[in-house]
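# Fold and geometry: a report
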Amino acid sequence: MNKTENRKDEHVRVSLEKNVNAEYNYWDDIVLIHNALPEINKDDIDLSTSFLGRRLGAPIIIASMTGGYIKAKKINENLAVAAEKYQIGMGVGSQRAALEKKELRDTYSVIKDYDIPLRIANIGASQLTQWDYRKSLENANEMIDMIDAHAFIVCLNFLQEAVMPEGEANAKGVFDVIEKLACDLDTPVIVKESGAGISYDVACRLRDTNISAIDVGGLGGTSFAAIEHYRAKIVDDKLHERGGKTFWNWGIPTPMSILEVGDATEWSIPIIATGGIRNGLDAAKAIVLGASCAGIARVLLKPATKSKDDVLFEIDAIIKELRAAMFLTGTSSISKMSDVEWDVIGAGLWI
Ligand SMILES: Cc1cc2nc3c(=O)[nH]c(=O)nc-3n(C[C@H](O)[C@H](O)[C@H](O)COP(=O)(O)O)c2cc1C
């Protein structure tokens, strides 16, 4: 395994073995107001939705996680089976490893064998600054072709880059590349955070580009600072172990980020809400707040390392919970979820 493969493997292993969640899950502060007279039948509720011109069976996306080392192929395949069955979206992890080593392509491209309505390619933003623009465009097209992608994610992962030992914290010029790629690629570009959220000001800057969606990737779920803390611990790297701990809870809570991005863009750019979604009720809350889809990563990781059936069980449960939340709020379709009343409780002073 080269360094990139090794890191990918470690990220997955640490995420499985340790509690790498942010200390607080902000979805617990949001409540949907119960409707005791819903006047609809649960089985008649329509969960289907349209996102980036693609028809999804439910507003759920399996968030970008893995690929790039041998064992990741099976993980992506198990996730792909469920994405096909429930007709939901699916992202792969950063495809940098397959650009560096062609033999690893099938750890991502395995998802092409499945009829998934929205396949999403992925690269970390700091990688883009290491190539000249012509190379960035060429590589982006290669990653898109690799999985026959319907969308391309540029992942803003500067928290991780700032705290990991081998981090490439090069953010200068990223906005410029995003702006150009969004014009030059034939595939829609999604800008995604990976756990620290998108603020009002950043969303204002993105609003003026040609990007097609924003994944707010907020605080409250998987913390990459926590992952790096544990990775550093394995090799007794005290400096990075400490940095990971210091920044463990850094970022903008996912629900707050949805509202900030929505305000900044006047809801003109579709939002994906990733970060701390544990079940179908959290997904329902995200859609009520204004997201078009909920992105789910870590709760699907363990099932995906076990079997297809484990992933199918988890996605089925999430979709059933989403349906139940819609029933209990009297909502017959996804587009009507923006009418659902919600409130903030508990520690929700951040909103
Ligand atoms: C093991 C692991 C690897 C990840 N790799 C990527 C990646 O390569 N690209 C990316 O955009 N996000 C990556 N993510 C971030 C997720 O897509 C997601 O934004 C984050 O985990 C928060 O969602 P969660 O709370 O549901 O886990 C990764 C997450 C995990 C757990």
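Analysis parameters
- Residues numbered from 1 in each chain as written.
- Predicted model: local features only at pLDDT ≥ 70, side-chain atom pairs only at ≥ 80, totals over all residues.
- Heavy atoms only, no water.
- Phe/Tyr/Trp six-rings, centres within 6.5 Å; stacked < 30°, edge-to-face > 60°.
- Buried < 20%, exposed > 50% of the residue type's maximum accessible area, 1.4 Å probe, protein only.
- Lys NZ or Arg CZ within 6 Å of the ring centre and 35° of its normal.
- 1 Å grid on protein atoms, 1.4 Å probe; cavity = no way out; pocket = protein on both sides within 12 Å on 5 of 7 lines; lining within 4 Å.
- Points joined across faces, edges and corners; volume = space filled by probe spheres on them.
- Helix = DSSP H or I, 4+ residues; strand = E, 2+ residues; numbered from the N terminus.
- Nonpolar A, V, L, I, M, F, W, Y, C, P; charged D, E, K, R; others polar.
- Arc of directions from axis to C-beta.
- Contact = heavy atoms within 4.5 Å.
- Core = buried A, V, L, I, M, F, W, Y, C linked by side-chain atoms within 4.5 Å.
- Axes fitted to C-alpha atoms, helices over the stretch in contact; angles between N-to-C directions.
- Parallel < 35°, antiparallel > 145°, perpendicular 65-115°, else oblique.
- Near = heavy atom within 4 Å.
- Polar contact = N/O pair within 3.5 Å; in protein donor to acceptor, adjacent residues only side chain to side chain.
- Areas by Shrake-Rupley, 256 points an atom, 1.4 Å probe, with all protein chains shown as cover.
- Pairing = 2+ DSSP bridges.

## As for the packing of aromatic side chains
In this structure the tally under the stated criterion is three aromatic pairs. Here the aromatic rings of Tyr24 and Tyr26 are separated by 5.1 Å at their centres, their planes lie at 70°, and the arrangement is edge-to-face. The class for Tyr24 is partly exposed, based on a relative accessible area of 31%. Above the plane of the ring of Tyr133 lies Lys180, whose end atom (NZ or CZ) is 5.3 Å from the centre.

## Observations regarding empty space enclosed by the protein
According to the stated counting rule, one finds two cavities of 30 Å³ or more in the structure shown. Around the largest cavity, the lining residues are Ile61, Ile62, Ala63, Ser64, Gly91, Ile120, Ile153, Asp215, Ile272, Thr274 and Gly295. At the level of elements, strand S4 (60-62) and strand S10 (271-274) are the ones that each hand at least two residues to the lining of the largest cavity. When grouped by side-chain class, the residues that make up the lining of the largest cavity number six nonpolar, four polar and one charged. Estimates place the volume of the second largest cavity at around 30 Å³. A total of three residues in the lining of the second largest cavity trace back to one element, the largest contributor, which is helix H7 (residues 158-163).

## Focus on helix H9 (residues 200-207)
Where H9 is concerned, the buried positions are Ala203, Cys204 and Leu206. Down the axis of H9, the buried set is contained in an arc of 165°. They therefore lie on one face. Where H9 is buried, its residues contact helix H8 (174-184), strand S8 (189-193), strand S9 (213-215) and helix H12 (254-265).

## Things to note about the nonpolar core
Soluble globular proteins tend to pack their nonpolar side chains together in the buried interior. Judged by nonpolar contacts, the single largest core of 88 residues is most densely connected at Ile88, Phe152, Ile211, Ile258 and Ile315. Dropping the residues within four chain positions of it, Ile211 is found in contact with Ile178, Ala182, Val189, Val191, Leu206 and Ile269. By size, the runner-up hydrophobic cluster in this structure holds twelve residues, among which are Phe51, Ile61, Ala151 and Ile153.

## Let's talk about the packing of helix H1 (residues 3-17) against helix H10 (residues 224-234)
A pair of packed helices can be characterised by two numbers: the angle between their axes and the separation between those axes. Where H1 meets H10, the axes come as close as 10 Å, and the angle between the chain directions of the two elements is 105°. As the angle between them shows, H1 and H10 are arranged roughly perpendicular. Contacts between H1 and H10 involve Arg7, Glu10, His11, Val14 and Ser15 from the first element and Phe224, Ile227, Glu228, Tyr230, Arg231 and Ile234 from the second. For the contact of H1 with H10, the residue count by class is five nonpolar, two polar and four charged.

## A closer look at the site of the ligand
Every one of the 19 residues lining the ligand counts as a neighbour, but Ser64, Ser94, Lys192, Thr222 and Gly276 are closest to it. In the environment of the ligand, an oxygen atom lies 2.9 Å from a nitrogen or oxygen atom belonging to the side chain of Lys192. Taken by itself the ligand offers 610 Å² of open surface, and the protein chains cover 95% of this. Residue composition of the shell around the ligand, grouped by class: five nonpolar, twelve polar and two charged.

## Quick notes on the sheet that holds S9
The eight strands are arranged S4-S5-S6-S7-S8-S9-S10-S11 in a closed barrel whose pairing can be described as parallel. Here the strands of the sheet are splayed against their neighbours by 25° on average, with no regard to which way each runs. Examined bridge by bridge, strand S6 (residues 118-124) and strand S7 (residues 151-156) share five bridges and lie parallel to one another. Within the sheet, the bridge partner assigned to Ile123 lies in S7 and is Val154. The sheet strands contacting helix H2 (residues 72-86) are S4 and strand S5 (89-91), and the helix crosses S5 at an angle near 165°.

So, to be careful, I would describe these as geometric facts and stop short of saying anything about function.
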